[in-house]
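Structural overview for review
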Amino acid sequence: MSLTSQLGIDVPVVLGPFGGLSSVDLTASVSEAGGLGSFGLYGYGGDRIRAVAAELRARTERPFALNLWLPHREAGEHEADSFDRAEFDRAVAGMAELYAEAGVRPPEWPVAPLPAFDEQLEAALDARPAALSFVFGVPSADVVEEAHRRGIAVVGAATTVAEARALEAGGVDAVVASGAEAAGHRPSFLLESERSLVGGLSLIPQVVDAVGIPVIAAGGIADRRGVAASFALGASAVQAGTVFLATTQSAAPAAHRARIRTALANDTVLTRAMSGRVARGLPNHAVRAIEQSGVGATFPLQNILTGVFRRAAQEQGDRPELLSLWMGQSAGLSRYDDAAEVFAELAAGVPEGM
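The present account deals with the structure reproduced in this document.

Details of the overall build of the protein
Broken down by element type, the protein carries 15 helices and 11 strands. Taking 2.2 N^0.38 as the reference for a compact globule, 354 residues should give roughly 20 Å; the C-alpha atoms of the protein span a radius of gyration of 19 Å, in line with that estimate. Oriented by its inertia axes, the alpha-carbon framework of the protein measures out at about 55 × 45 × 40 Å. Relative to its full complement of 354 residues, the protein shows a buried share of 56%. For the protein, long-range pairs separated by at least 24 residues make up 69% of all intrachain contacts whose partners lie at least 6 apart in sequence. Working note: accessible area of the protein is about 14,300 Å², and carbon and sulfur atoms make up 49% of it.

Next up, the structure:
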C-alpha cells in the first residue's frame, strides 16, 4: 500500500509540525488541499489537545496528523517535572536584561511542570488522527500497537541512518528523514545533535536504501524543485515547514514571517540558546545575548524561561529580536503568503503517478 493510500491523502505533501507555532487554520488548509496537515502538541495538556482535535474536525473532514515529543533526555538534562533551583536562578539572572527589554517580570520559583507525556498520548490517541508522529525517539511497542489498533499510522523522525533503522525496528509505518537544513529542533536521539548533522542530499537516499518503510523527505524543501529532487532520491513523500510557516495561516508573528522571506541560506544557525536543545533559526539579539553570557539552562527549563519574554514580544507585535525565529536554510525561497499557493507549488514537483 502506498503512503498516500495508507494516510488517505491525495498528494504526498506533509506539513511539518510546529511546536508552538502550529495553527488550526494552517493544518486544515493543507489537509483540505489534499495533503497531510500536521499540528505540533508540544506543551499541550490533555484538555487542550482534545480541543485542538475538535477544532480540526470542525474545519476539515480530511486526514490530519498530530505530533508529540517523546520524553527523551539528553546528557545533563533534568526530568521535565524536576527542575534544579540553582540552574533556574543562574539562568534567570543571566537573562535579566531580556526580561527588562520585554517589559516583563522575571519568572519566579517554582516552575510549573510540563504536561505528562501519558496524558498527552491518551488525548492524542482518543483524537484518532490519520497519523501520530513522534520526535526524539522510538515510541514504545505498546504505543505503536495501540495506535494501530485504532487505525492510526505511526511516523517517526530520524537524522541518521541508524535512527531510521531503529524506528523501523520499532514498528513505525514511515520515517521522516530530517536533513540538517531543516528548521527548528533537531530530533536526534541516538547521538548528540551536533554529531548527527547530515544534509538531506546524503541522508534521504541512504535512509531509503536502509529501510523498507516509506521515507518522508524533510529539510530545505521550499518549491517544486526540492520536491522533485526528493522523489529522485527515493522519497515516498515530502515534508515542508518553513515555506508554510511564512504564510498568513501560520501562527508565526508578522515580524517572523517577514524575516523568513529575506533570510539567506547562510544566515541561519544551530543554537541551544532559546530552548536548551539544538535548533535551527535566525540569530537575533536574544540568541546572541544568551550565547555571549554563557549562562543558560538545559531543556526544557531554558525553553520555559525564554518563553516568558518571547510571549511578551509576540503580544507586543514587531519585536523580532526577542522571538525564536525558527527557519530552515531554504527560507529565502518562500514566495507565497497563502498556504494554498504554497501547496500548489509543492504539488507541481510531485512526479505523475505518486
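Structural notes on the packing of aromatic side chains
Tallied over the entire structure, the rule returns seven aromatic pairs. Members of the aromatic cluster, each reached through a chain of ring pairs, are Tyr42, Trp69, Phe136 and Phe299. Sitting over the face of the ring of tyrosine 44, arginine 48 holds its NZ or CZ atom 3.7 Å from the ring centroid. It is arginine 277 that lies over the ring of phenylalanine 136; its NZ or CZ is 4.4 Å from the centre.

A few points about the packing of helix 4 (residues 85–94) against helix 14 (residues 301–316)
For the pair helix 4 and helix 14, interaxial distance at closest approach is 11 Å and the crossing angle is 35°. Our pair here, helix 4 against helix 14, has a crossing hand that is right-handed. Here Glu87, Phe88, Ala91 and Val92 of helix 4 lie close against helix 14, whose contacting residues are Leu301, Gln302 and Leu305. Its residues assigned to classes, the contact of helix 4 with helix 14 shows five nonpolar, one polar and one charged.

A look at helix 14
Taking 1.5 Å per residue as the helical rise, helix 14 with its 16 residues ought to reach 22 Å, and the 24 Å between its terminal C-alpha atoms agrees with that figure. Of all the bends in helix 14, the greatest, near 35°, is centred on glycine 307. Those residues of helix 14 that fall on the buried side of the exposure criterion are Leu301, Gln302, Asn303, Leu305, Thr306, Gly307, Val308, Phe309, Arg310, Ala312 and Ala313. Close packing links the buried residues of helix 14 with helix 4, helix 5 (96–102) and helix 13 (285–293). Within two residues after helix 14, glycine 317 carries a phi angle of roughly 100°, on the positive side.

Structural notes on the nonpolar core
Within the largest apolar cluster, 96 residues are counted, with the highest numbers of intra-cluster contacts made by Phe244 and Phe309. Aside from chain neighbours lying at most four places away, what touches phenylalanine 309 is Met95, Leu98, Tyr99, Ala102, Val104, Met274, Ala286, Ile290 and Leu322. Of all hydrophobic cores here, the second largest spans 21 residues; its members include Ala130, Ala131, Ala157 and Phe299.

What about the side chain of serine 196?
With respect to the helices and strands, the residue serine 196 is situated in the loop between strand 7 (184–185) and helix 9 (200–210). A polar side-chain atom of serine 196 sits 3.0 Å from the main-chain carbonyl oxygen of glutamate 192. Beyond its immediate chain neighbours, meaning those up to four positions away, serine 196 contacts Thr159, Thr160, Arg186, Ser188 and Leu191.

Quick word on the sheet that holds strand 7
With antiparallel pairing, the three strands of this open sheet are ordered in space as 7-11-10. Edge positions in the sheet fall to strand 7 and strand 10 (269–271), since each of these pairs with one other strand and no more.

A closer look at unusual backbone geometry
Proline 110 follows tryptophan 109 through a cis peptide bond whose omega is 0°. Summarising the element assignment, proline 110 is placed in the loop between helix 5 and helix 6 (117–127). Backbone geometry at arginine 128 places phi at a positive 50°, although glycine is not the residue there. Here arginine 128 lies in the loop between helix 6 and strand 4 (131–135). Phi is positive for phenylalanine 136, which is not a glycine, with a value near 70°. The residue phenylalanine 136 is located in the loop between strand 4 and helix 7 (141–149) in this model. Residue classification places phenylalanine 136 among the buried residues on the basis of a relative accessible area of 3%.

Rules and cut-offs
Residues numbered from 1 in each chain as written. Predicted model: local features only at pLDDT ≥ 70, side-chain atom pairs only at ≥ 80, totals over all residues. Heavy atoms only, no water. Helix = DSSP H or I, 4+ residues; strand = E, 2+ residues; numbered from the N terminus. Rg over C-alpha atoms; globule rule 2.2 N^0.38 Å. Buried < 20%, exposed > 50% of the residue type's maximum accessible area, 1.4 Å probe, protein only. Contact = heavy atoms within 4.5 Å. Areas by Shrake-Rupley, 256 points an atom, 1.4 Å probe, with all protein chains shown as cover. Phe/Tyr/Trp six-rings, centres within 6.5 Å; stacked < 30°, edge-to-face > 60°. Lys NZ or Arg CZ within 6 Å of the ring centre and 35° of its normal. Axes fitted to C-alpha atoms, helices over the stretch in contact; angles between N-to-C directions. Left-handed = near helix turned anticlockwise from the far one by under 90°. Nonpolar A, V, L, I, M, F, W, Y, C, P; charged D, E, K, R; others polar. Expected span 1.5 Å × (residues − 1). Bend = angle between axes of the 7 residues up to and from the residue. Core = buried A, V, L, I, M, F, W, Y, C linked by side-chain atoms within 4.5 Å. Polar contact = N/O pair within 3.5 Å; in protein donor to acceptor, adjacent residues only side chain to side chain. Pairing = 2+ DSSP bridges.

Remember that the coordinates give geometry; whether it matters functionally is a separate question.
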